[in-house]
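Descriptive analysis of the structure
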Amino acid sequence: MLRPIILVCYFLCLFQGFQLVSGISCKTRSRYLKLNKCCSKCPPGTYMNSECTETKDSECYNCGPDRYQSEWNTLDHCQLHKTCNRNGGFVVEKQGTNTADTICQCQLGMYCINKDCEICEENKVCGPGYGVVYRQDGGISMPMCERCEPGYFSNVSSNMAPCRKWNDCGSLPIQENGTATKDVKCGTSGLPSKAGLFTVIVLLSILLVIIILLSFICIGSNKEHRTKIRDIVNRLCRHNMSKPVQEHVKTENGRILATAGDEDKSPEDGTELLPV
Ligand SMILES: *[C@@H]1O[C@H](CO)[C@@H](O)[C@H](O)[C@H]1NC(C)=O
Ligand SMILES: *[C@@H]1O[C@H](CO)[C@@H](O)[C@H](O)[C@H]1NC(C)=O
């Protein structure tokens with residue numbers, strides 16, 4: 001027969017054991033023990049605004065802008081996104097979300113010196129005949145200068161340019177073979193290229209416009225030139241026509257007037273115009 005004191009102890013032990021078991025099973029990714037109660041943690045993207053009470057579960061709020069929380073948590077705030085420091089050579093690789101931090105990388109021509117990419121360093125400059133190649137080295141992408149293989153060339157000194165492929169001449173003959181520092185030069189197929197033809201046409205058009213402009217300026221500005229040019233034109237016309245062109249019209253009172261259209265009042269035969 002069990003004595004009452006032993007019975008009480010037995011139940012107490014049972015209760016303790018139950019608490020222990022429930023406590024262990026409560027410690028999961030999304031739950032935690034609080035006030036002998038199994039309460040919810042806050043999911044990624046949120047933080048705990050207030051802990052659970054006897055009567056209600058935890059209260060979670062969304063992370064504010066520029067903040068994130070990647071884990072189930074009981075924290076009272078979300079972490080700020082890191083900023084990629086431009087002066088340090090960093091640029092944003094991936095903008096942060098409410099569950100992930102921003103990821104920075106080194107800008108073009110620079111590389112991360114360690115896995116966590118805490119510091120950017122300038123790439124070495126590769127001279128002509130060499131191109132920048134990235135090689136995995138202990139978890140980091142290390143820039144190296146490598147000699148351009150046959151079929152590729154580099155004619156610049158650069159800390160980011162890789163070797164470039166030689167020109168593909170296709171059906172055109174090769175005028176000059178390529179090297180590690182020089183591109184292949186393609187010959188011409190005999191026919192003038194479209195670009196060349198276009199240039200010639202443009203140049204001729206410009207020349208024509210200049211000639212026309214110049215002649216207009218000369219004719220307009222110089223009376224003597226104007227007269228001379230008209231002389232030439234008239235002579236050519238007379239030559240071509242059997243009858244001479246009637247130049248002047250006699251009016252009833254015998255005065256000689258210039259023909260219509262003869263604006264500059266200096267006829268080529270030297271006749272002075274009488275005042276009308
Ligand atoms: C280019 O090289 C090939 C051999 O690799 C040679 O047969 C050819 O004559 C060369 N062409 C020129 C234009 O140098
Ligand atoms: C390098 O080669 C390219 C392609 O042939 C050419 O357009 C460019 O002018 C060259 N640059 C230098 C610095 O020689």
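Here is a short report on the structure shown in this document. (Residues numbered from 1 in each chain as written. Chains lettered and ligands numbered in written order. Predicted model: local features only at pLDDT ≥ 70, side-chain atom pairs only at ≥ 80, totals over all residues. Heavy atoms only, no water.)

**A few points about the site of ligand 1**
Ligand 1 sits among I174, Q175 and N177. Its free accessible area being 360 Å², ligand 1 has 26% of it covered by the protein chains. (Near = heavy atom within 4 Å. Areas by Shrake-Rupley, 256 points an atom, 1.4 Å probe, with all protein chains shown as cover.)

**Re the layout of surface pockets**
Within this model, the largest pocket holds a volume of roughly 230 Å³. What lines the largest pocket is a set of 14 residues, among which C106, M110, Y111, C112 and S141 lie closest to the centre. Elements supplying a minimum of two residues to the lining of the largest pocket: β8 (103-106), β9 (110-112) and β12 (140-147). Examining the composition of the lining of the largest pocket, we find that three residues originate from one element, β9, more than from any other. Here the lining of the largest pocket is composed, by residue class, of eight nonpolar, five polar and one charged. (1 Å grid on protein atoms, 1.4 Å probe; cavity = no way out; pocket = protein on both sides within 12 Å on 5 of 7 lines; lining within 4 Å. Points joined across faces, edges and corners; volume = space filled by probe spheres on them. Helix = DSSP H or I, 4+ residues; strand = E, 2+ residues; numbered from the N terminus. Nonpolar A, V, L, I, M, F, W, Y, C, P; charged D, E, K, R; others polar.)

**Quick word on the state of the cysteines**
The final tally for this structure, using the stated rule, is 10 disulfides. The disulfide bridge from C63 ends at C78, spanning 2.0 Å between sulfur atoms. The sign of the S-S torsion, about -80 degrees, decides the handedness of the disulfide formed by C63 and C78: left-handed. Taken as a pair, C63 in the loop between β4 (59-62) and β5 (67-68) and C78 in the loop between β5 and β6 (79-80) lie far apart in primary sequence, 15 residues in all. (Disulfide = S-S within 2.5 Å.)

**Regarding the site of ligand 2**
Near ligand 2, the surroundings consist of F153, N155, R164 and D183. Within the contact set of ligand 2, an oxygen atom lies 3.4 Å away from a side-chain nitrogen or oxygen of D183. Bound to the protein, ligand 2 loses 37% of the 360 Å² it would expose on its own. (Polar contact = N/O pair within 3.5 Å; in protein donor to acceptor, adjacent residues only side chain to side chain.)

**Things to note about the nonpolar core**
If you look at the biggest cluster of nonpolar residues, it comprises seven residues: C84, F90, C104, C106, M110, C117 and C120. Apart from the residues lying within four places of it in its own chain, the contact partners of C120 are G88, G89, F90, C106, M110 and Y111. Grouped together as the second largest cluster of nonpolar side chains are five residues, C39, C42, M48 and C52 included. (Core = buried A, V, L, I, M, F, W, Y, C linked by side-chain atoms within 4.5 Å. Buried < 20%, exposed > 50% of the residue type's maximum accessible area, 1.4 Å probe, protein only. Contact = heavy atoms within 4.5 Å.)

**Here we look at the packing of aromatic side chains**
Tallied over the full model, the rule gives one aromatic pair. Ring plane angle 75 degrees and centroid distance 6.2 Å describe the contact between Y47 and Y61, whose orientation is recorded as edge-to-face. Within this pair, whereas Y47 is found in strand β3 (residues 46-50), its partner Y61 is found in strand β4, the two being separated by 14 residues in sequence. In this structure Y47 comes out as buried when scored by relative accessible area, which is 18%. Overall, Y61 belongs to the partly exposed group, its relative accessible area being 38%. Here the basic side chain of R147 rests over the ring of Y130, its NZ or CZ set 5.3 Å away from the ring centre. (Phe/Tyr/Trp six-rings, centres within 6.5 Å; stacked < 30°, edge-to-face > 60°. Lys NZ or Arg CZ within 6 Å of the ring centre and 35° of its normal.)

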